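# Summary of structural features
One-letter residues, chain by chain:
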Protein chains: 2
Amino acid sequence: MYGCGMSLTHALLGLLAVEPRSGYELTKAFETDLGRYAWQAGHTSIYPELGKLAERGLVEVTAEGARGSKTYTVTDAGRTELRTWLMSPPTRQGKVRNEQVLRMFMLSALDPADAVVVLERIAVSTGEQAEVLRAIREQAGPVEPGPEGFGQLAAEYGLRQFEAVHTWALWAMEQLREPVARS
Amino acid sequence: MYGCGMSLTHALLGLLAVEPRSGYELTKAFETDLGRYAWQAGHTSIYPELGKLAERGLVEVTAEGARGSKTYTVTDAGRTELRTWLMSPPTRQGKVRNEQVLRMFMLSALDPADAVVVLERIAVSTGEQAEVLRAIREQAGPVEPGPEGFGQLAAEYGLRQFEAVHTWALWAMEQLREPVARS
DNA sequence: ACCATACATGTCAAAAATGACATGTCGAAA
DNA sequence: TTTCGACATGTCATTTTTGACATGTATGGT
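Residues numbered from 1 in each chain as written. Chains lettered and ligands numbered in written order. Predicted model: local features only at pLDDT ≥ 70, side-chain atom pairs only at ≥ 80, totals over all residues. Heavy atoms only, no water.

### Considering the overall build of chain A
Under the convention used in this document: Elements are defined by DSSP. Helices are runs of H or I of four residues or more, strands are runs of E of two residues or more, and each kind is numbered from the N terminus. Burial classes follow relative accessibility: with a 1.4 Å probe on protein chains only, a residue under 20% of its type's maximum area counts as buried, one over 50% as exposed, and anything between as partly exposed. By definition in these notes, contact holds between two residues if any of their heavy atoms fall within 4.5 Å. Using the Shrake-Rupley algorithm and a 1.4 Å probe, accessible areas are obtained, with residue cover drawn only from the displayed protein chains.
Broken down by element type, chain A carries eight helices and four strands. Per-residue burial for chain A yields a buried fraction of 45% across its 183 residues. Sequence separation of at least 24 residues holds for 56% of the intrachain contacts in chain A that already meet a minimum separation of 6. When the accessible area of chain A is evaluated, it comes to approximately 9,600 Å², of which 54% is carbon and sulfur surface.

Rendered as structure tokens:
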């Protein structure tokens, strides 16, 4: 009976399924989009988890390089485990923790004037981040097959997410500024 | 020096700022939209946290009702703490953990045929959930001032989120089905 | 030769979260 | 009247996560 906090396990398995990497490289991956939108983790949880994964036979150390680096590769058992997780319908909804979204939900604790200030900041921030991703998309061109293509899928996901929050924030400000509509 | 996992603290403070509630009612609140999109927590973390909040003078027990229930009310200090948190610009990006989004990022570990199956499921699921929220919005009418109005803001946020993921999933399926565009 | 920086891995105590267990109340239906 | 389910609060051992600390290597600049 293994514990149920399997998400880090699968995040690691998923990254290694694309290509073998060292713990250090995996840590870097969590500092980009993956960690920003999907799942954050630091090296202090990644290294021990890699050890457990190796014990369970889901990954293997296939090379040791300079500066003591160890390259991990996913095994067949690991691939099976990952596919099972991805293909299984999410029975109970997965864990969700997002501090930014929490702030939005807590807006009701502010008076409307303060809420508008916070919404304004959200609108600016998401607008900028969407702009960055749009620029990246232009450079990349059409979606190609293979791992890079999948990366573009994730980037597009992030872009649409930011755009949605951006327009929502603008809409919400409008609602708060406009006094209640009279009949 | 208090720990830095302050999000549950502020979630509780924010809920109590709208109206006084018991631990049980707060737990229920985390089982709805708040827990689904923003921050999940069970009663086993809520009750101890309420105790700590009371110790720090941020909330008070203002009534004890039937079946041993205790109604907590936020104090002035609690309101100040909450406002400080909400109005402070998010210096380093907040913690993010979302199992669903993680699955989307890990799609690259599947072959395109399997990925399309998963995307299909996401599209159906988000489409349904968006439909539910749209129905709720129709019943509720225009956004009004006060706490209910803010609740509508959060609902609209959820709706737009689902719509964005829905159209993204459809788009992504299109990309995967269509073989690479020839020049 | 020295130094800063990025590379690279780890431990460990403390804090936080989870799941299992435990206890008891109140109202309504059978 | 008894039993069921919702109400209501809690503990506790285990697991998970974090932040601080610790160690050492290769590279490029000065």
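On we go.
### Some remarks on the pairing of strand β3 (residues 70–74) of chain A
Residues and elements named next belong to chain A. This is how the line gets drawn: Strand pairing requires that DSSP identify at least two bridges connecting the strands.
Two strands pair when backbone bridges link them, and strand β1 (residues 21–22) and β3 are joined in this way by two bridges, in the antiparallel orientation. Each residue of the ladder has a partner; that of Ser22, found in β3, is Thr71. Relative to β3, strand β2 (residues 59–64) runs antiparallel, the two being bridged by five bridges. In the sheet register, Val59 faces β3, and the bridge partner there is Val74. The turn joining β2 and β3, which pair antiparallel and follow one another in sequence, is formed by five residues; a positive phi near 55° is taken by Arg67.

### Section: the protein's contact with DNA strand D
Formally: By convention in these notes, a residue is near a molecule or strand provided one of its non-hydrogen atoms lies within 4 Å of it. Polar contacts, as used here, are pairs of N or O atoms within 3.5 Å; protein pairs need one atom able to donate a hydrogen and one able to accept it. Residues neighboring in sequence count only if both atoms are side-chain atoms.
Lining the immediate surroundings of DNA strand D are 18 residues, of which Gln40 of chain A together with Tyr24, His43, Tyr47 and Lys70 of chain B lie closest. Gln40 of chain A has a polar side-chain atom sitting 2.5 Å from a phosphate oxygen of DNA strand D. One of the side-chain nitrogen or oxygen atoms of His43 of chain B is found 2.9 Å away from a base oxygen of DNA strand D. At the level of elements, α4 (43–55) of chain A together with α2 (23–29) and α4 (43–55) of chain B are the ones that each hand at least two residues to the surface near DNA strand D.

### Quick notes on the pattern of salt bridges
The cut-off we apply is this: Any carboxyl oxygen of Asp or Glu that lies within 4 Å of a side-chain nitrogen of Lys or Arg is treated as forming a salt bridge with it.
Within the structure shown, the criterion is met by 17 salt bridges over all chains. The partner of Arg137 of chain A in a salt bridge is Glu138 of chain A, with the nearest N and O atoms 3.9 Å apart. When the shortest N-O distance is used, the salt bridge between Glu156 of chain B and Arg137 of chain B registers 3.1 Å. Residue Glu156 of chain B is found in helix α8 (residues 147–177), and its partner Arg137 of chain B is found in helix α7 (residues 112–140); the two are separated by 19 residues along the sequence. Each of the salt bridges in this network shares a partner with another, and the network as a whole consists of Arg137, Glu138, Glu156 and Arg160 of chain A.

### Comments concerning the environment of Glu120 of chain A
Along the chain, Glu120 of chain A turns up in helix α7 (residues 112–140). On the accessibility criterion, Glu120 of chain A (39% relative accessible area) is partly exposed.

### So, the relation of the copies chain A and chain B
What relates the two chain copies is a rotation about an axis together with a slide along it. Basically, it comes down to this: C-alpha atoms of residues with pLDDT of at least 70 in both copies form the basis for the least-squares superposition of the copies.
Of the transformation superimposing chain A on chain B, the axial component is 0.0 Å and the angular component is 180°, with the fit at an RMSD of 0.1 Å. Considering both components of the superposition, the chain copies are consistent with a two-fold axis. If distances are taken from each C-alpha of chain A to the rotation axis, the shortest is found for Arg97 of chain A, at 2.4 Å.

### Description of the protein's contact with DNA strand C
What counts, and what does not: Each residue gets one of three labels, nonpolar for Ala, Val, Leu, Ile, Met, Phe, Trp, Tyr, Cys and Pro, charged for Asp, Glu, Lys and Arg, and polar for the others, Gly among them.
The immediate surroundings of DNA strand C are formed by 19 residues, with Tyr24, His43, Tyr47 and Lys70 of chain A together with Gln40 of chain B found nearest. What you see for DNA strand C is that sugar and phosphate hold 67% of its atoms within 4 Å of the protein. At 2.7 Å, a side-chain N or O of Tyr47 of chain A approaches a phosphate oxygen of DNA strand C. Between DNA strand C and Gln40 of chain B there is a distance of 2.5 Å, counted from a phosphate oxygen to a side-chain nitrogen or oxygen. In the surface near DNA strand C, the residues fall into three nonpolar, 10 polar and six charged.

### Observations regarding the sheet that holds strand β3 (residues 70–74) of chain B
Residue and element names in this part refer to chain B. What counts, and what does not: Here an axis means a line fitted to C-alpha atoms, over the contact stretch when the element is a helix, while the angle between two N-to-C directions is reported on a 0 to 180 degree scale.
If you trace the three strands from one edge of the open sheet to the other, you get β1-β3-β2, paired in antiparallel fashion. Two strands in the sheet have a free side with no partner beyond their single neighbour: β1 (21–22) and β2 (59–64). Against the sheet, helix α1 (residues 7–18) touches β1, β2 and β3, its axis set at about 95° to β3.

### Focus on the packing of aromatic side chains
Operational definition: Geometry of aromatic contacts follows a simple scheme: Phe, Tyr and Trp rings, the Trp one being its six-membered ring, pair when their centres are within 6.5 Å, and the pair is stacked under 30 degrees between planes, edge-to-face over 60, tilted otherwise.
Per the stated rule, a full pass over the model turns up six aromatic pairs over all chains. Pairing Tyr157 of chain A with Trp168 of chain B gives two aromatic rings, centres 5.1 Å apart and planes at 80°, and the pair type is edge-to-face. Here Tyr157 of chain A, found in helix α8 (residues 147–177), pairs with Trp168 of chain B, found in helix α8, and the two come from separate chains. Across the pair, Trp168 of chain B and Tyr157 of chain A agree in class, each one buried.

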